[in-house]
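# Observations on the model geometry
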Amino acid sequence: MADTAGTNPTASTHPAAPTAGLWDLDADRSSVRLRHRTMWGLVNVKGSFTRVAGQGEVRPDGSAHGTLTVDAASLDTGNGKRDTHLRGPDFFDVGTHPRLVFTVTEAAPEGTGAARVNGELTVIGRSRPLAFTARLDEAVADAVTLTAEVVIDRKDFGMTANPGGMMTGAATVSVTARFTRR
């Protein structure tokens, strides 16, 4: 939400929806982070994917579609041994499946400052439908920033490894996606 202190009290505190056209993900100002409970729910393992790309199109009616692509090998949890294991065949299998892809089939405004997003997430060659609400945190003439937090069960994508029974199934993925007009 915008800070409205000292501004026109009748002005909207929510950013306006982006205008029609083609948009590219600004990878330097975007992030895909995850956290996952492990050690029998006692510890949150956190990490981020450091290489992301994407593009989208906003239609004249305000709806949109596009893709967000994540380089699976770019996962960084701050622990090299753990990262190597997560990139391996028990989890992301980056040698065979180098990318995670979220294809937005439809995103439409939902109330003020939000968008309902429907699409398909593909992880290690398995695709599943995914729907969530994203917040429109910023919208200016040539840039828009959306944020969302989504819970994803790794078992839905065939990631069933669970060394020592320490891991829960679900991970929380936090996305900040800043798009700029082409």
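Look above for the structure.
Residues numbered from 1 in each chain as written. Predicted model: local features only at pLDDT ≥ 70, side-chain atom pairs only at ≥ 80, totals over all residues. Heavy atoms only, no water.

## Side note on the environment of Asn44
With respect to the secondary-structure elements, Asn44 resides in strand β3 (residues 43-49). Taking the C-alpha atoms as reference, Asn44 lies 9.7 Å from Leu34; in sequence the two are 10 residues apart. With near-sequence residues (within four places) excluded, Asn44 lies in contact with Arg35, His36 and Arg37. (Helix = DSSP H or I, 4+ residues; strand = E, 2+ residues; numbered from the N terminus. Contact = heavy atoms within 4.5 Å.)

## A word on the pattern of salt bridges
Here the structure, examined in full by the defined rule, presents seven salt bridges. In this structure, the salt-bridge partner of Arg51 is Asp71, at a minimum N-O distance of 2.7 Å. One end of the pair, Arg51, is in the loop between β3 and β4 (52-58); the other, Asp71, is in strand β5 (residues 64-71), and 20 residues separate them in sequence. Look at Arg51 and you get partly exposed, because its relative accessible area is 44%. Two residues, Arg181 and Asp142, come together in a salt bridge whose shortest N-O distance is 3.6 Å. Of this pair, Arg181 sits in strand β11 (residues 170-181) while Asp142 sits in the loop between β9 (126-140) and β10 (143-153); the two residues are 39 residues apart in sequence, bridging distant segments of the chain. Owing to a relative accessible area of 48%, Asp142 belongs among the partly exposed residues under this scheme. (Salt bridge = Lys/Arg side-chain N within 4 Å of Asp/Glu carboxyl O. Buried < 20%, exposed > 50% of the residue type's maximum accessible area, 1.4 Å probe, protein only.)

## Some details on the pairing of strand β8 (residues 114-123)
Bridge count between strand β7 (residues 99-109) and β8: eight bridges; the pairing is antiparallel. Each bridged residue has a counterpart across the sheet, and for Glu106 the counterpart in β8 is Asn118. Hairpin connection of β7 to β8: four residues between the antiparallel strands, including Gly111 at a positive phi of 75 degrees. Counting the residues in the hairpin turn of β8 and β9 gives two residues, including Ile124, whose phi is positive at 40 degrees. (Pairing = 2+ DSSP bridges.)

## Considering unusual backbone geometry
Backbone geometry at Asp93 places phi at a positive 45 degrees, although glycine is not the residue there. Tracing the backbone through its elements, the reader meets Asp93 in the loop between α1 (80-87) and β7.

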